[in-house]
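Next come the chains, spelled out residue by residue.
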Amino acid sequence: PPATLREVASLATKAAVATRLNSSRLLFGAARFRSGALLFGACRFRSGASGRRVAGTASVSQAEVEVWAARIAALPPELIEQETLEDIGRLRLGRQKGVYNPKSSSLRRAYDCSASLVGGVLSHRDPLPDLDHHVDPRGDPVPEVALAGRSNAGKSSLLNAMTGLKPGPGSASVSARPGWTRSVQLFEMAEADSGEAVLLLADLPGYGPLPNTPPKERTAWARLTRHYLKRARRLRSVFVLIESSLGVTADDHAFMDALDELQRPFHVIMTKADLLPPAELAASNVLVRADASRHESYAGGDVPMCSSRSGAGVQELWGRLKLGVELTAAGVDLAALEAGGGRRGRGGGEVE
C-alpha cells in the first residue's frame, strides 16, 4: 500500500541520514581527538606535567630524570626531616589530588609585590646599568639578587608568580622554548600596597643544553651571565633554581663551581614542586640540599619549594626574601645565624 511505501521510504531516508551523521561524528570526533591531543599535549609541555616524573624542560634527557628518580627511591626514609614533610603538607606542595584547579590556584595567588622592568644588559660588552637611584624608605640603595638556573627551570615564571600572576602573563616574558630569556633583565620588586622598593631582581639567561641553538649563541649567553656576576657590585646573593623532579645536574654543578670561583654566595630554590608526590618531593629536597652543600659558596639553610603553576609556596618565598633583606639591612650575619641553629639545619647523616 502507498502508506507502507511511504513509511519504507521515510525509514530509508532516516537510515541514510543517520549513516552520514554517524560517519561525520566519527570523522569529526577523530579530528577533535587529534587536535585535542595536540592541544593538551602542548599544554602539558608548557606546564611541565606531561608525565609522572617529566621535568618539563625540553633540554632534559629521560636518562637524567631516571637517575634522579633512582636516587630518590634509594634514599633512607630516616634522612627525611619531619619538618620538611610538615611544610609540604601545610603549603599543599607535591602532586596531590585537587591541589591544582583554577579556583584553588587563583586563591593562592596573592598580590603582595609588584615587578617593574628597570634595566637590562644585552651583551657582555655592555656596561651594567646604574641603579643607585632605586632606594628603600631609609634612603639606602635596595639590595640586588639574581635568579639563575637551567633553561626552563622556571625563573621568569617564578618572578611572575610572586607578583600574583599566572606563570605566563606578567612582567617577565615566558615561553616553553628553552633559551627564551637571552639577556639580563633587572626588575624592581616593590610592596604591592605601599609601592616601597624592597629589592632588585636580575633574571639571568638559562644555562645547559639548548636544542636547536647554535653553540655561538650559548657561548654569548654564558659570557653575558659571567660578565654580570663579576661586575654587579650590589649583588648580595644568587638564587639557583632546581627542578624538583630533576635535581642538581652536571650543568648546575658547573654553574655552582663558577659561583665558587667568583665567591658569590648562593641559595637554592626548588621549583615545579607539583610534579612529585609529597614523599618523593621531601626526599628530593634532602638530596638537593646535600648536593648544593658540597660547594663552598652555598649559603646553607633549608631549601624552599614552590610551584608557579599552582601558586603553592610562592607567597611564603616572597616573605622569606623580604625577611632576608630586612635582616641583612639590620646587620645580621645570615650565615652565622644559620650555623648557630636558625630555622633549620642541614640534617644529619650521609646522603649519596
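Keep in mind the model is a prediction, meaning the values are calculated, not measured.

A. View of the nonpolar core. Formed by 48 residues in total, the largest nonpolar core has its most connected members in Tyr228, Leu229, Val238, Val240, Phe266 and Val268. Examining the composition of this core, we find that seven residues originate from one element, helix α8 (residues 278-292), more than from any other. Not counting residues up to four positions away in its chain, the partners in contact with Phe266 are Ser237, Val238, Val240, Met256, Leu259, Asp260, Ala292, His295, Ser297, Tyr298 and Ala299. Of all hydrophobic cores here, the second largest spans 23 residues; its members include Phe239, Leu241, Cys306 and Leu317.

B. Structural detail: the pattern of salt bridges. In total, this model carries 14 salt bridges according to the counting rule given. The shortest N-O distance in the salt bridge between Arg294 and Asp291 comes to 3.5 Å. One salt-bridge network, held together by shared partners, links Glu64, Arg150 and Asp251.

C. Structural detail: the packing of helix α3 (residues 82-90) against α8. Where α3 contacts α8, the axes come no closer than 10 Å and their chain directions differ by 130°. One finds that α3 runs oblique with respect to α8. Pair α3 / α8 crosses with right-handed handedness. Across the interface between the two elements, Thr84, Leu85 and Ile88 from α3 touch Pro278, Leu281, Ala282, Asn285 and Arg289 from α8. Taken together, the residues of the contact of α3 with α8 sort by class into five nonpolar, two polar and one charged.

D. Examining empty space enclosed by the protein more closely. A complete count under the given rule lists two cavities of 30 Å³ or more for this structure. Every residue lining the second largest cavity is listed: Arg150, Ala153, Leu241, Ile242, Glu243, Leu246, Gly247, Thr249 and Asp252. At three residues, the largest contribution of residues to the lining of the second largest cavity is made by strand β5 (residues 235-243). Residue composition of the lining of the second largest cavity, by class: four nonpolar, two polar and three charged.

E. Just the sheet that holds strand β4 (residues 197-203), in detail. Spatial ordering of the open sheet is given by β1-β3-β4-β2-β5-β6, a layout of six strands whose pairing is mixed. This sheet does not close on itself; its edge strands, each paired only once, are β1 (113-121) and β6 (266-271). Sheet twist, expressed as the mean angle between neighbouring strand axes with direction ignored, is 25°. Where strand β3 (residues 184-191) lies against β4, six bridges are found, and the strand directions are antiparallel. Note on β4: the bridge partner recorded for Met189 is Leu199. In the packing of helix α5 (residues 155-162) onto the sheet, the strands contacted are β1, β2 (144-149), β3, β4 and β5, and the crossing angle to β4 comes to about 160°. This element, helix α7 (residues 250-262), spans β2, β5 and β6 of the sheet and lies at about 170° to β5.

F. Examining the environment of Ala115 more closely. If you trace the backbone, Ala115 turns up in strand β1. In sequence terms Ala115 and Leu186 are 71 residues apart; their C-alpha atoms lie 9.5 Å from each other.

G. Looking closely at the packing of aromatic side chains. Applying the stated criterion to the full structure yields two aromatic pairs. Here the aromatic rings of Tyr207 and Phe255 are separated by 4.8 Å at their centres, their planes lie at 15°, and the arrangement is stacked. With Tyr207 in the loop between β4 and α6 (215-231) and Phe255 in helix α7, this pair connects stretches of sequence that are 48 residues apart. For the pair Tyr207 and Phe255, one class covers both residues: buried. For the ring pair Phe266 and Tyr298, a centre distance of 5.6 Å and an interplane angle of 45° mean the geometry is tilted. Pair noted here: Phe266 is in strand β6 and Tyr298 is in the loop between α8 and α9 (314-329), with a separation of 32 residues, a long-range link.

H. Structural detail: unusual backbone geometry. A positive phi angle, close to 60°, is found at Arg92, a residue other than glycine. With respect to the helices and strands, Arg92 occurs in the loop between α3 and α4 (102-108). Assessed through its relative accessible area of 34%, Arg92 is described here as partly exposed. Positive phi values are uncommon outside glycine, yet Asn152 reaches one of about 70°. As for its position among the elements, Asn152 is in the loop between β2 and α5.

I. Quick peek at the side chain of Ser284. Residue placement: Ser284 occurs in helix α8. Among the polar contacts listed, one links the side chain of Ser284 to the side chain of Trp68, at a separation of 3.1 Å. Aside from chain neighbours lying at most four places away, what touches Ser284 is Trp68, Ile72, Ser244, Met270 and Leu276.

Conventions and cut-offs
Residues numbered from 1 in each chain as written. Predicted model: local features only at pLDDT ≥ 70, side-chain atom pairs only at ≥ 80, totals over all residues. Heavy atoms only, no water. Core = buried A, V, L, I, M, F, W, Y, C linked by side-chain atoms within 4.5 Å. Buried < 20%, exposed > 50% of the residue type's maximum accessible area, 1.4 Å probe, protein only. Helix = DSSP H or I, 4+ residues; strand = E, 2+ residues; numbered from the N terminus. Contact = heavy atoms within 4.5 Å. Salt bridge = Lys/Arg side-chain N within 4 Å of Asp/Glu carboxyl O. Axes fitted to C-alpha atoms, helices over the stretch in contact; angles between N-to-C directions. Parallel < 35°, antiparallel > 145°, perpendicular 65-115°, else oblique. Left-handed = near helix turned anticlockwise from the far one by under 90°. Nonpolar A, V, L, I, M, F, W, Y, C, P; charged D, E, K, R; others polar. 1 Å grid on protein atoms, 1.4 Å probe; cavity = no way out; pocket = protein on both sides within 12 Å on 5 of 7 lines; lining within 4 Å. Points joined across faces, edges and corners; volume = space filled by probe spheres on them. Pairing = 2+ DSSP bridges. Phe/Tyr/Trp six-rings, centres within 6.5 Å; stacked < 30°, edge-to-face > 60°. Polar contact = N/O pair within 3.5 Å; in protein donor to acceptor, adjacent residues only side chain to side chain.

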